[in-house]
Amino acid sequence: MTGTFEDVSFTAVRDAAADAQIRAALPEIAAAVRGLALPGFAGLVLGGGYGRGEGGVTADHRLYNDLDFFVLMDAPEAAFPACARRLASVSAAFGARLGLDVDFTLRTAARLRRDERRLMVQELLYAHVVVAPAGFDLAVWSGARLHAPSEIPAGEAARLLMNRGMGLDLARRRLAANGGRADGFVLRNLNK
């Protein structure tokens, strides 16, 4: 799934209420990011589960996963720490409003090309939702391309397994600390 936010479903179960909540928030998030006047801002895309149309939603239509945005920049990476600090206010405001983490990852075209065989970049190229500007083309802008699974280094599978294993271990610890009560963090990690 690659498209604009007007014509996609963000959730695996095609939950209209959850989709509407994300669809309503995206232009506001784009405006907030643009309002920061980040140097070299080129585009904003939604990646991760919601960007692939695989996002989670609870039975009562609440969003379940993080919103993973990629802020695409035509600026030196040395500017990224200052940009990330400025994006933190947008992350906090929309995270509180939506009841989930709103994450921003900054990337240049050169960095996407350099990392194009990493799973995160391959997933982003495979499916994302353009938030701003309208008509932004991630593949053209970045010059990065999709690769066949056989071209992805085996270390990427190890990285994924390590990530999932850490999530399960943290969920186990949190479950024990909560007296066996599973909260959203525990459930998300058990269901990944």
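Thresholds, definitions, all that
- Residues numbered from 1 in each chain as written.
- Predicted model: local features only at pLDDT ≥ 70, side-chain atom pairs only at ≥ 80, totals over all residues.
- Heavy atoms only, no water.
- Phe/Tyr/Trp six-rings, centres within 6.5 Å; stacked < 30°, edge-to-face > 60°.
- Helix = DSSP H or I, 4+ residues; strand = E, 2+ residues; numbered from the N terminus.
- Buried < 20%, exposed > 50% of the residue type's maximum accessible area, 1.4 Å probe, protein only.
- Pairing = 2+ DSSP bridges.
- Salt bridge = Lys/Arg side-chain N within 4 Å of Asp/Glu carboxyl O.
- Expected span 1.5 Å × (residues − 1).
- Bend = angle between axes of the 7 residues up to and from the residue.
- Contact = heavy atoms within 4.5 Å.
- Arc of directions from axis to C-beta.
- Core = buried A, V, L, I, M, F, W, Y, C linked by side-chain atoms within 4.5 Å.

Caption draft 1: Spotlight on the packing of aromatic side chains. In total, this model carries 2 aromatic pairs according to the counting rule given. When the centroid spacing of 5.4 Å and the interplanar angle of 25 degrees are considered together, the rings of F69 and F104 count as stacked. With F69 in strand β3 (residues 67-73) and F104 in strand β4 (residues 102-108), this pair connects stretches of sequence that are 35 residues apart. According to the relative accessible area criterion, F104 is buried, its value standing at 16%. On the basis of an interplanar angle of 50 degrees and a centroid distance of 5.8 Å, the ring pair of F136 and W141 is categorised as tilted. Its relative accessible area of 13% is what places F136 among the buried residues. With relative accessibility at 18%, the residue W141 sits in the buried group.

Caption draft 2: Molecular detail of the pairing of strand β2 (residues 41-47). Among the 7 residues of β2, 6 are classified as buried, and the element is accordingly described as predominantly covered. Here β2 runs beside β3; their pairing, made up of 6 bridges, is antiparallel. By the bridge assignment, G47 is partnered in β3 with D68.

Caption draft 3: Representation of the pattern of salt bridges. Summed over the entire model, instances satisfying the criterion amount to 9 salt bridges. Note that R172 is salt-bridged to D169, the shortest N-O span being 2.7 Å. In this pair, R172 and D169 are both assigned in helix α7 (residues 154-177), 3 residues apart and thus about one turn of the helix distant. Note that D169 is salt-bridged to R173, the shortest N-O span being 3.0 Å. Placement of both D169 and R173 in helix α7 is noted, with a separation of 4 residues, approximately one turn of the helix.

Caption draft 4: Representation of helix α1 (residues 16-35). Between its first and last C-alpha, α1 extends 29 Å over 20 residues, near the 28 Å set by a 1.5 Å rise per residue. In α1, a bend of some 25 degrees at L26 exceeds every other bend along the element, and P27, a proline, comes one to four places later. On the buried face of α1, the contacting elements are β2, α2 (48-51), β3, α3 (80-98), β4 and β5 (128-132). Positive backbone phi, approximately 50 degrees, marks A37, located one or two places after α1.

Caption draft 5: Highlighting helix α5 (residues 119-126). Taken as a whole, α5 has its buried residues at V121, Q122, L124 and L125. The arc that holds every buried residue of α5, seen down its axis, measures 160 degrees, which confines them to one face.

Caption draft 6: Layout of the environment of A148. Along the chain, the position of A148 falls in the loop between α6 (138-142) and α7. Separated by 31 residues in sequence, A148 and R117 place their C-alpha atoms 9.5 Å apart.

Caption draft 7: Seen up close, the nonpolar core. Ranked by size, the top nonpolar core spans 36 residues in total, and within it F10, L44, L46, Y50, L67, F69 and F104 carry the most contacts. Those elements giving two or more residues to this core turn out to be α1, β2, β3, α3, β4 and β5. The element best represented in this core is α1, accounting for 7 residues. Aside from chain neighbours lying at most four places away, what touches L44 is I29, A30, V33, F69, F70, V71, F104, V129, V130, V131 and A132. A109, V130, L138 and A144 belong to the second-largest nonpolar core, a separate cluster that totals 14 residues.

Caption draft 8: The arrangement of unusual backbone geometry in detail. A cis amide bond links A132 to the next residue, P133, at an omega of -15 degrees. Tracing the sequence through the fold places P133 in the loop between β5 and α6. A positive phi angle is found at R14, which is not glycine, with a value near 55 degrees. In this fold, R14 is placed in the loop between β1 (2-4) and α1.

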